[in-house]
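Chain residues, written in single-letter form:
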Amino acid sequence: MCIYLCSFNGQRHTWRLKSTSAERALQYQPGHKIHGFTVKEVTVPDLFLTAVKLTHDKTGAQYLHAARDDSNNLFSVQFRTTPMDSTGVPHILEHTVLCGSEKYPCRDPFFKMLNRSLSTFMNAFTASDYTMYPFSTQNGKDFQNLLSVYLDAVFFPCLREQDFWQEGWRLENENPTDPNSPLVFKGVVFNEMKGAFSDNERLYAQHLQNKLYPDHTYSVVSGGEPLAIPDLTWEQLKQFHATHYHPSNARFFTYGDLPLEQHLKQIEEEALSKFERINPNTEVPSQSHWSSPREDHVTCSPDALAPDPARQNTLCVSYLLGDITDTFEGFTLSLLSSLMISGPNSPFYKALIEPKIGTDFSSVVGTKEASFSIGLQGMAEEDIERVKQIISQTIDDIIENGFEEERIEALLHKIEIQMKHQSTNFGLSLASYIASSWNHDGDPVQLLQISDSVAKFRQSLAENPRFLQDKVKHYFKENTHRLTLSMSPDEAYLEKQAKAEEEKLQKKIQALSDSDRKEIYEKVQCLLYYSVPVQYCEQPTNGLVYFRAMCSLNTLPEDLRLYVPLFCSVITRMGCGGLDYRQQAQQMELRTGGMSVSTQVIPDSTQLDMYEQGILLFSSCLERNLPHMFQLWSDIFNSPHFDDEERLRVLVMMSAQELANGISYSGHMYAMTRAGRHLTPAGDLQETFNGMEQVKFMKRIAEMPDLSQVIRTLPRIKKHLLNPDNMRCAVNTTPQKLSDTAAQLESFIRDVAENRKERKPVRSDITEVRFQQAHWVNIPLNFQPCQMKTFFQMPFPVNFVSESIRTVPFSHEDYASLCILARMMTAKFLHGEIREKGGAYGGGARMGGGGLFSFYSYRDPNSVQTLSAFRKGVDWAKSGQFTQQDIDEAKLSIFSAVDSPVAPLNHFPEMKQGHRERLFAVTHKNLVDVAERYLSVGQRTCGVAILGPENETIKKDPSWIVK
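A quick note: this is a predicted structure, and the numbers were derived from the prediction, not measured. Going along each chain's sequence as written, the residues are numbered from 1 onward. In keeping with the predicted nature of the model, local features appear solely for residues at pLDDT of at least 70, side-chain atom pairs appear and are counted solely at 80 or more, and the whole-chain, interface and lining totals rest on all residues. Side-chain figures throughout are based on the complete set of non-hydrogen atoms in the structure, without hydrogens or water.

Engineer: Mind laying out the overall build of the protein, listing which residues take part and the relevant values?
Structural biologist: The helix count covers DSSP runs of H or I at least four residues long, the strand count covers runs of E at least two residues long, and both are numbered beginning at the N terminus. Regarding its fold elements, the protein presents 33 helices and 31 strands. Burial here depends on accessible area, computed with a 1.4 Å probe over protein chains only, as a share of the maximum for the residue type. Under 20% is buried, over 50% is exposed, and the range in between is partly exposed. Within the protein, the proportion of its 963 residues that are buried is 54%. Taking all contacts inside the protein whose residues are at least 6 apart in sequence as the whole, residues at least 24 apart take part in 78%. Accessible surface is estimated by sampling points in the Shrake-Rupley manner with a 1.4 Å probe; for residues, cover comes only from the protein chains shown. With the model as given, the accessible surface of the protein reaches about 41,800 Å², and the carbon-plus-sulfur share is 49%. We call two residues in contact whenever any of their non-hydrogen atoms come within 4.5 Å of each other.

Below, the structure is given as C-alpha cells:
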C-alpha cells in the first residue's frame, strides 16, 4: 500500500511502503513509448496514487492513468461536446451510440451488459459541454469485455436511422395501427426533456446558465429543448458524431490496480489505430464580460403541491467568476463558496434561511468559467426586493468582517478528511472531479495535488489576512458580470407550452406530402419490432441454449379462443416454409431439443381480477445449432402449413383422444378447474383452455366430417398470436454464447417483424396495463364473480369432487397462511375424512397461485357427502384444534417444494424470498383468522364441480347444473 501523509501547517512529509500498482507506475519516464502513446509526466500527487499522463502519438488523444491499490478499477472516456443549438444533439447521440455498434450490432448492447457483467458501475451522461462514458469493475476479464463494448460503442456505433427515431424524435400516428389517426411527436429524449422542463427547479437552472453565458455553447440547452429537438436531422446527428466523438477530441481516464500497458494496448488496437488526427474545433471561448449588471425574469408552471401557493417565487443573483483551469483560483473560490453558503454558521444561511423568507437556496451552475449563484426559492413576490438588498448587504458584511478563523479551519479539516477517506467508488469520484477542468485543457494532475493548494492558501492568508475579503470584493462587489434572475408562476404557462408544441407539430405536418405520411407509417411499423422485450440470463447450461417467447392473446377475437389449444398442438407439426410435416419433424429432431407451443394463463400477483394470457413458445438447442433453431421458428411464424386436411385430422383425433384419456387420471384437476371458472377471469380462461369445455370442444371437432372450416380458422389465429408486436422473449445460455445468441435472436425478430401484415387492435372487452415494458396484464371490463355448482356425468364408477373459494392473490399477506392451512388441513384432517373414512383414493386442499383455495377428492365413491367433509375441515381449522408441531410439519412440507432445485432454464427467483419469509412468519392465530375470514360459509364466494357417474340426488337438486 502507498501511504502519503499531508499536514496542513505548510509542510509535507512523505513515506511509502512497497506498492504493487502505484510503485509499478513509477517505472514510467517522460518520453517512454507504450502502444502508440508517449508518456508526458509521472507524478505522485496526494490521494495515495501515482498519476501517469500520456498523449496518443497519431491522434493526439489525452490519457491519464491513476495507479492505486484499489481493485475497483475504472475506465472513462469523455468528449468535449459543444452544441450551438438546442436540438439536444449531444444528448440524443449519447443515447444512440449505445444502441449497437460494428462489433456488437445487437439492439442495446449497453443494457444487455448490465445483466451479464460484474460491473460495480456502468453509465453515460451528458453535461453542458462534455459527454462521459464511465464504468468500473473488480474483475480483470470483465474490464476488458466492458472496455471492448464501450470503445466500439463510442467510436464505431451503428447510428441507424431507426435508433434516431426511437431515441431522438419522430412523427408517429397517435394510434400506431391506424395510418389515418393524427400525427404526434414521439421519442425517448423528446419525452425525457419534456419531463425535465416540467421541473421548475431544473427549468430555472437552465435559464440561469443560458442567460449568464449568452455568447456560446452555454446559451443553448445541451440536453435538448423540447420544441427545438424536432429540428434535428439524422444527418446532423451523424456529422456531430464524426467531429466530436473522435480520439483527437477524447480524454481517457483509467484508475485502479490493473496494469496500464494492457489498457493502452487494447485501446490502441481496438480503436485509436483506425483514426488519423483532426482538428475538432470544439474549444469554448471565454464569455465576454458585461460592462454593467443585468436583470431578467422568466415564468414557470404553478406548483399544485406548494405548501403556500402565494410563495412560489424564485430569485437568484449570479456572478461570473474565473476560468476553472486555474487550479489554485478554482480551489480558493470553491473554499470561499462553502464559507459563504454551507451550513447554519454561514453568512447567507443566517441572512436568507433563518428569517424564513423562503424555503431553500436557489441553484448553482458551473461551466468553463465558474459562477456563483445565491438566492431563494419558495418566497412571496413582495419579498423579492428585500432579498436583493439582503444579498448585497451580506456581501458588504463579509468584506468588512471576513470569516471566523475556526470556520476556515473546519473547512480545511473537512478537506483533509475527504482526502483520506477511501470510498468504494473512489475512481468514479476522481473522474467526475477532474472532468470539467480537463475538458477545457486544465491540468488534471494539478487538481489532484490538493495539499499544494491548501499550503498555498494558508500562505496567502498568512501574507494577507484580508485575502478572502479581497476576493469577495473583486468577484462579487465590483463584478459587473452579474445577473439577477427572478421566476414566478404563470397560470397559463402549461397552456402556452402546449400551444407552442401544437404549432410546431402543425408546421411539420403541413410540409408533408401523402407519400411522406405513408412513409412515416411504414417506418414506425418497421421500428415497432425493436420494442420486443428480451430477458437474457447467464446459466451453466452445458452448451445448451433455452429459448422462450410469450405471445399475447389480447387481440384475439372471442370466437377464436376455444381453438387456441388446438392451434398450439398443430402449429409445430404440420410443416413450414419449404418443409412438409415429416421433414419438419426430422429437422426439429436433428437441430433442436424440441419445439413446443402451449397456452399460458398467468394470474397477476397483486390483483385477483388481473391476468396475462398468451401462448408460450419453448425450444432448446446445442449452441452450434442456434441459426437452425431460429430459422425453424421464422418459418413457423412466416409460412406455416395449414392446408393438409388429412394431417390435421390425424392430429385432431390424437389430441381429442389424449384429452378424453386424461380425465380418468386427472379428474380432480378438471373438477378444480371447473369449480374456479366463475370465480376469477383467469379461472374462466383456464376452463376454456384446459378444462371440460376444451374436452367437449375437441370431441365436437373430431366428429366433424369436414375440417375445412378449421383449416380456414387456423391462419386467422396465427395472425394474432405469432406477431412480434405482442411478444416478449427470454434466453438462457452460457456467458460465452450470449452475444451470439443475442445476434441470432435479433435476426429472428427482424425477420418475423418484416413479414407481419398488420397490427391488431386489442379486444374491446379488456383493458391492457403494461408493466415494466415486459408484459401485458388484462383487466376484464365485464367480469363478476358468481357461485355455481356443475355436475358432469361420466362413464366411470367413481367421482372427482372439488370446491374452490375466491381468496387473495399471491403477494397478499394472508396468502402464505392459506398455503400452510391447506397443507396442514390435508395432512391432519381431510386425509382421514376423505380417504380413511370416505374410502376415496385421495383428497385434500391446495392454495393456487391465482388466489383460489380448492378442496378436492380423487376417485371418490361419494359425491355430495364429500362436500360436507370439506366444510368439516373448515370448522376444524376455525376451532384451532391443531398443535405447533402440526404447523411446523406443514411448513416443512411446503418448503420442500418452495426450495426445490431449480433447473438452469428456470432460474428466476424474483418474488420467492418474500414468499419464504411470509411462510416462516405464519402463526397459529394467522391460521384460525384466515379460516374464519375466507373459508366460512357466508364469508366466501365459491364454485363446486363434480365429475362422476349418474347421480339422482344431484339431478333432483335445482341448484346444480347438469352437463
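Engineer: Give a detailed account of the sheet that holds strand S28 (residues 842-847), specifying residues and quantitative values.
Structural biologist: If you trace the six strands from one edge of the open sheet to the other, you get S28-S29-S27-S30-S26-S31, paired in mixed fashion. For this open sheet the edge positions go to S28 and strand S31 (960-962), each flanked by a neighbour on one side alone. If you compare each strand with its neighbour and ignore which way they point, the axes differ by 15 degrees on average. Here helix H28 (residues 815-837) sits on the sheet in contact with S28 and strand S29 (852-860), set at roughly 170 degrees to S28. DSSP calls a pair of strands paired once it identifies at least 2 bridges connecting them. Axes, fitted as lines to C-alpha atoms, cover a helix only where it is in contact. Angles between the N-to-C directions of the axes lie from 0 to 180 degrees.

Engineer: Go over the side chain of His-244, please, and point to the residues and values.
Structural biologist: The residue His-244 is located in helix H8 (residues 234-244) in this model. Those residues in contact with His-244, other than ones at most four positions away along the chain, are Phe-79, Arg-80, Thr-81, Thr-82, Asn-249 and Thr-282.

Engineer: If you had to explain the side chain of Thr-217 to someone new, which residues and values would you point to?
Structural biologist: Inspection of the secondary structure puts Thr-217 in the loop between helix H7 (200-212) and H8. Using a relative accessible area of 1% as the deciding quantity, one classes Thr-217 as buried. Here a polar contact is taken to be a pair of N or O atoms separated by no more than 3.5 Å, where protein atoms must pair a possible hydrogen donor with a possible acceptor and residues adjacent in sequence count only if both atoms sit in side chains. Reaching out from Thr-217, the side chain makes a polar contact with the backbone oxygen of Pro-83 at a distance of 2.7 Å. Excluding its chain neighbours within four sequence positions, the residues that come into contact with Thr-217 are Thr-82, Pro-83, Met-84, Ser-128 and Val-284.

Engineer: Would you mind going over the packing of aromatic side chains in detail, with residue names and values included?
Structural biologist: Aromatic rings from Phe, Tyr and Trp, taking only the six-membered ring of Trp, are treated as a pair when their centres fall within 6.5 Å; an angle between ring planes under 30 degrees marks them as stacked, one over 60 as edge-to-face, and anything in between as tilted. Taken as a whole and judged by the stated rule, the model has 39 aromatic pairs. With a centroid separation of 6.1 Å and 70 degrees between ring planes, the pair formed by Phe-457 and Phe-467 is classed as edge-to-face. One end of the pair, Phe-457, is in helix H16 (residues 450-463); the other, Phe-467, is in helix H17 (residues 467-477), and 10 residues separate them in sequence. Take Phe-457: its relative accessible area is 0%, and that puts it in the buried class. With relative accessibility at 11%, the residue Phe-467 sits in the buried group.

Engineer: Go over the environment of Lys-789, please, and point to the residues and values.
Structural biologist: Its location among the elements puts Lys-789 in strand S26 (residues 788-793). Residue Lys-789 is classed as partly exposed on the basis of its relative accessible area of 26%. Other than its neighbours up to four places away in sequence, Lys-789 contacts Val-944, Asp-957, Ser-959, Trp-960 and Ile-961. Within the structure, the side chain of Lys-789 is placed 2.9 Å from the side chain of Ser-959, a separation counted as a polar contact.

Engineer: Please give an account of a negative patch on the surface that cites residues and values.
Structural biologist: Here the term patch refers to residues with relative accessible area over 30% and no salt bridge, with like charges joined within 9 Å and nonpolar side chains (Val, Leu, Ile, Met, Phe, Trp, Tyr) within 5 Å. Salt bridge, as used here, is a side-chain nitrogen of Lys or Arg placed within 4 Å of a carboxyl oxygen of Asp or Glu. A positive count includes Lys and Arg, and a negative count includes Asp and Glu. His and the chain ends are not counted in either. By convention, the point assigned to a charge is CZ for Arg, NZ for Lys, CD for Glu and CG for Asp. The grouping of Asp-580, Asp-643, Asp-644 and Glu-646 at the surface amounts to a negative patch. Position of Asp-643 relative to the elements: it lies in the loop between helix H22 (626-638) and helix H23 (645-675). The class of Asp-643 is exposed, set by a relative accessible area of 64%.

Engineer: Describe the pattern of salt bridges, with residues and values.
Structural biologist: Applying the stated criterion across every chain, the model contains 41 salt bridges. With a closest N to O distance of 3.3 Å, Arg-561 and Glu-558 form a salt bridge. Residue Arg-561 is classed as buried on the basis of its relative accessible area of 10%. The exposure class of Glu-558 is partly exposed, given its relative accessible area of 42%. Its salt-bridge partner being Asp-814, residue Arg-933 comes within 2.7 Å of it at the nearest N-O pair. On the criterion of sequence distance, the pair formed by Arg-933 in helix H32 (residues 924-935) and Asp-814 in the loop between strand S27 (799-806) and H28 is long-range, its members being 119 residues apart. On the basis of relative accessible area, Asp-814 is assigned to the buried category, the value being 10%. Overlapping salt bridges bring together Glu-558, Arg-561, Arg-677, Asp-684 and Glu-693 as one network.

Engineer: How would you summarise the packing of helix H2 (residues 89-96) against H8 if you had to cite specific residues and measurements?
Structural biologist: The packing of two helices is summarised by the inter-axis angle and the distance between the axes. Put simply, H2 and H8 touch, their axes get as near as 10 Å, and they point 85 degrees apart. With respect to H8, the axis of H2 lies roughly perpendicular. The residues of H8 that touch H2, namely those facing Val-89, Pro-90, Ile-92, Leu-93 and Thr-96, are Gln-236, Leu-237, Phe-240 and His-241. We call Asp, Glu, Lys and Arg charged. Ala, Val, Leu, Ile, Met, Phe, Trp, Tyr, Cys and Pro are nonpolar, and the rest, Gly among them, are polar. A breakdown of the residues in the contact of H2 with H8 according to their chemical character gives six nonpolar, three polar and no charged. Under this scheme an angle from 65 to 115 degrees is roughly perpendicular, one under 35 degrees roughly parallel, and one over 145 degrees roughly antiparallel; angles in between are oblique.

Engineer: Residues and numbers for the nonpolar core, please.
Structural biologist: For the purposes of this section, nonpolar cores are sets of buried Ala, Val, Leu, Ile, Met, Phe, Trp, Tyr and Cys residues that join through side-chain atoms within 4.5 Å. Counting residues in each nonpolar core, the largest one holds 77 residues, and the members touching the most others are Leu-54, Phe-75, Tyr-133, Phe-155, Phe-252 and Ile-267. Of the residues forming this core, the biggest block, eight residues, is contributed by helix H4 (residues 140-155). Each domain span listed reflects an automatic or database assignment of domains. Shared between two domains, this core holds at least three residues of each, these being domain 1 (21-274) and domain 2 (294-422 + 441-489). Apart from the residues lying within four places of it in its own chain, the contact partners of Phe-75 are Tyr-133, Pro-134, Phe-135, Phe-143, Leu-147, Tyr-150, Leu-151, Phe-252, Phe-253, Thr-254 and Ile-267. The next biggest cluster of nonpolar side chains, apart from the first, holds 62 residues, and it includes Ala-549, Tyr-611, Val-652 and Phe-689.

By themselves these figures say nothing about function.
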